[in-house]
Amino acid sequence: MAESFLPSETVTSWGRVVRASHRVARPRFADELPGLLSALSPADPALPIGLRRSYGDSNLNPGGPIIDMTGLDRVISIDRTTGVMRAEAGLSLSQALQLLVPAGWFLPTTPGSRFVTLGGAVANDVHGKNHHRAGSFGASVTRIKLLRTDGSAHELAPGDPLFHATIGGLGLTGIIEWVEFRAIPIPSAQLDAQDAEFSHVRDYFDLAAEAHTRAEHTMAWIDCLSGGAHLGRGILSSASWRSHGDLVPHREDPKLAMPIDAPGFTLNGMTVRAFNSVFHDLKRMRVGPYTTHYEPFLYPLDKIANWNRLYGRDGFYQYQCVLPPATARDGVIELLKVIAASGQASFLAVLKDFGAHPPAGLLSFPMEGTTLALDFRNIGTRTLDLMADLDRIVLSAGGRLYPAKDGRIPAAVFEAGFPKLQDFRGYVDRGLSSAFWRRVSG
Ligand SMILES: Cc1cc2nc3c(=O)[nH]c(=O)nc-3n(C[C@H](O)[C@H](O)[C@H](O)COP(=O)(O)OP(=O)(O)OC[C@H]3O[C@@H](n4cnc5c(N)ncnc54)[C@H](O)[C@@H]3O)c2cc1C
């Protein structure tokens, strides 16, 4: 083992269910990577990681080495006329926006947190609220540099099979040294937005279909604790870039922070129900058009640093599935009925449609249909049993689960959702692995 892997540091992911000891390397310069990789072997595989915003165990390698890529965060080039940006894989989307926005450019698509690295965005082929227009992040990636533990280095472009294995490849095909992607032009940093209320989730689908024809960004918050006539009531938000206005980027620092783990009792069914209800009423008060900076619209949760501590020491799971159009409406209704009946508290859930774009990667999560994402506080077996019930609904609806959010699915559930999994296995670098990969590889 190379000296640059420090012994035994406790590392956890965003959901904080697993806290495990890892040997960590923190390279600062790209020329350190070949030396680190040459120390790895299939007997002691490593995992590259970014800002650890994945929720479960796809960014953990308990007992083994991890390569924290966040020190490699330099911008290599930006073409101000085409919007093509090349940067080291540890650069965060937040840092990229500080440079792009004043020059009139924006990320082609962005997840709901800007504290995600370019490497992480590629390895999970992340999606945003504009999937129906732009597809996933991988669709705008023009080149990547990949290093493998056999000592080989590859500059890859769309069309190369190893490129498509690496997009959504969960960090298992090699270490991404840098990423080049095409940004999109924006006229201002503001969005023209509007909210529309629906009193039952069945009404979401027509509202969303209409919003997709006119808006670049759409998503719905739903209250997954309300049942009966108000099952999955919610608010659909939609927005498009405002044609005029300033190009001022977001402020880097979150305004609020969770300083300590919330004690378990603070987050029970009653408090979540109260929170959902207040949130719903607040949103309802301003149903109709408004103008907003991109930050609160695209990154509402980034306002509170470490909000994941709200779930207490035992952490939480996120459950995110996508169901195809033919089964989405009935499937989502069934999922929400089971969740409401379980009484297991979850904060507001998110519902969003994916467009019919060809997948950018062999294991890309997005496929045409509707995606539902929600959190469950970890209360042990009851939580796991509930999610196993949800898995059965997702599988019979022909859907799949998002590895970036997962920390527990069995191999069979993963395999059923990803038809290109067998092809993908052929591109895995045997000197790399993760807790997720070992679990789903049986
Ligand atoms: C509040 C919040 C909202 C979110 N919203 C969304 C959303 O809307 N859409 C969405 O798609 N996701 C969303 N996510 C998930 C997040 O976008 C992904 O988990 C993302 O991959 C995290 O990137 P990261 O830099 O934190 O990487 P990590 O979580 O540390 O790692 C993620 C994966 O990338 C691999 N990896 C990281 N760096 C490299 C590298 N240099 N080379 C090779 N592999 C690498 C790791 O091995 C791992 O498999 C959200 C997460 C949070 C916390």
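Refer to the structure printed above.
Just so it is clear, the structure is predicted and the values come from calculations on it, not from any experiment.

This next bit is on the overall build of the protein chain. Each helix and strand counted, the protein chain has 13 helices and 21 strands in total. Expressed as lengths along the three principal axes of its C-alpha atoms, the size of the protein chain is roughly 60 × 50 × 45 Å. For the protein chain, with 442 residues in total, the buried portion stands at 50%. When contacts within the protein chain are restricted to residue pairs at least 6 apart in sequence, long-range pairs at least 24 apart make up 75% of them.

Taken in spatial order, the five strands of this open sheet run β5-β6-β10-β8-β9, and their pairing is antiparallel. Each edge of the open sheet carries a strand with a single partner, namely β5 (75-78) and β9 (153-156). Strand-to-strand twist in this sheet, taken as the mean axis angle between neighbours without regard to direction, amounts to 10°. Alignment of strand β8 (residues 141-147) against β9, held across four bridges, turns out to be antiparallel. Considered in β9, the bridge of Leu146 is made with His154.

Moving on to helix α6 (residues 204-214). All buried positions along α6 are accounted for by Tyr204, Ala208 and Ala211. An end-on view of α6 places all buried positions within 65° of arc, on one side of the element. In α6, those exposed residues whose orientation departs by more than 90 degrees from the buried face are Asp206, Thr213 and Arg214. Structurally, α6 contributes buried residues whose contacts are with β12 (190-198), β13 (217-222), β14 (234-241) and β19 (349-354).

Now for helix α9 (residues 325-342). For an α-helix, the turn length of 3.6 residues means that residues three or four places apart are oriented alike. Between its first and last C-alpha atoms α9 spans 26 Å; for 18 residues at 1.5 Å apiece the expected length is 26 Å, and the two agree. For α9, the principal kink sits at Gly331 and spans about 30°. Listing the buried residues of α9 in full gives Ala328, Gly331, Val332, Leu335, Leu336 and Ile339. Lining the buried residues of α9 we find β18 (316-323), β20 (369-377) and α10 (381-396). In the stretch just after α9, Gly343 is the one whose phi turns positive, near 70°.

The next thing to look at is the site of the ligand. Surrounding the ligand, one finds 31 residues, the nearest of these being Gly50, Gly119, Gly120, Ala123 and Gly171. Contributing elements (two or more residues each) for the shell around the ligand: β3 (47-49), α3 (118-123) and β10 (175-182). Residue classes in the shell around the ligand are distributed as 16 nonpolar, 13 polar and two charged.

Note that Leu97 resides in helix α2 (residues 93-100). We classify Leu97 as buried; it has 24 C-beta atoms within 10 Å. It is 19 Å that separates the C-alpha atoms of Leu97 and Arg143, two residues lying 46 residues apart in sequence. Residues in contact with Leu97, not counting those within four places in the same chain, are Leu107, Arg114, Pro249 and His250.

Our focus in this paragraph is the nonpolar core. Core analysis: the largest hydrophobic core is formed by 119 residues, its most contacted members being Val122, Ile144, Val179 and Ala220. At six residues, β18 tops the list of elements feeding residues into this core. Non-local contacts of Ala220, meaning those with residues more than four positions away in its chain, are made with Tyr204, Ala208, Gly234, Ile235, Leu236, Leu351 and Lys352.

All right, on to the pairing of β10 then. Burial analysis of β10 places seven of its eight residues in the buried class, the great majority of the element. As paired strands, strand β6 (residues 84-88) and β10 are joined by five bridges and run antiparallel to one another. If you follow Ala87 over to β10, its bridge partner there is Val179. Where β8 lies against β10, six bridges are found, and the strand directions are antiparallel. Paired with Arg143 across the bridge in β10 is Glu180.

With that settled, the discussion passes to the sheet that holds strand β1 (residues 6-12). Across the sheet, four strands lie side by side as β1-β2-β4-β3; this open sheet has mixed pairing. The open sheet has two edge strands, β1 and β3, and neither has a second partner. Averaged over neighbouring strand pairs, the angle between their axes works out to 45° when direction is ignored. In this sheet, strand β4 (residues 65-68) lies alongside β3 in parallel orientation, the contact comprising three bridges. Of the residues in β4, the one forming a bridge with Leu47 is Ile66.

So, how was this worked out
Residues numbered from 1 in each chain as written. Predicted model: local features only at pLDDT ≥ 70, side-chain atom pairs only at ≥ 80, totals over all residues. Helix = DSSP H or I, 4+ residues; strand = E, 2+ residues; numbered from the N terminus. Buried ≥ 20, exposed ≤ 12 C-beta atoms within 10 Å, placed from the backbone. Contact = placed C-beta atoms within 7 Å. Pairing = 2+ DSSP bridges. Axes fitted to C-alpha atoms, helices over the stretch in contact; angles between N-to-C directions. Arc of directions from axis to C-beta. Expected span 1.5 Å × (residues − 1). Bend = angle between axes of the 7 residues up to and from the residue. Near = placed C-beta within 6 Å. Nonpolar A, V, L, I, M, F, W, Y, C, P; charged D, E, K, R; others polar. Core = buried A, V, L, I, M, F, W, Y, C linked by C-beta atoms within 7 Å.

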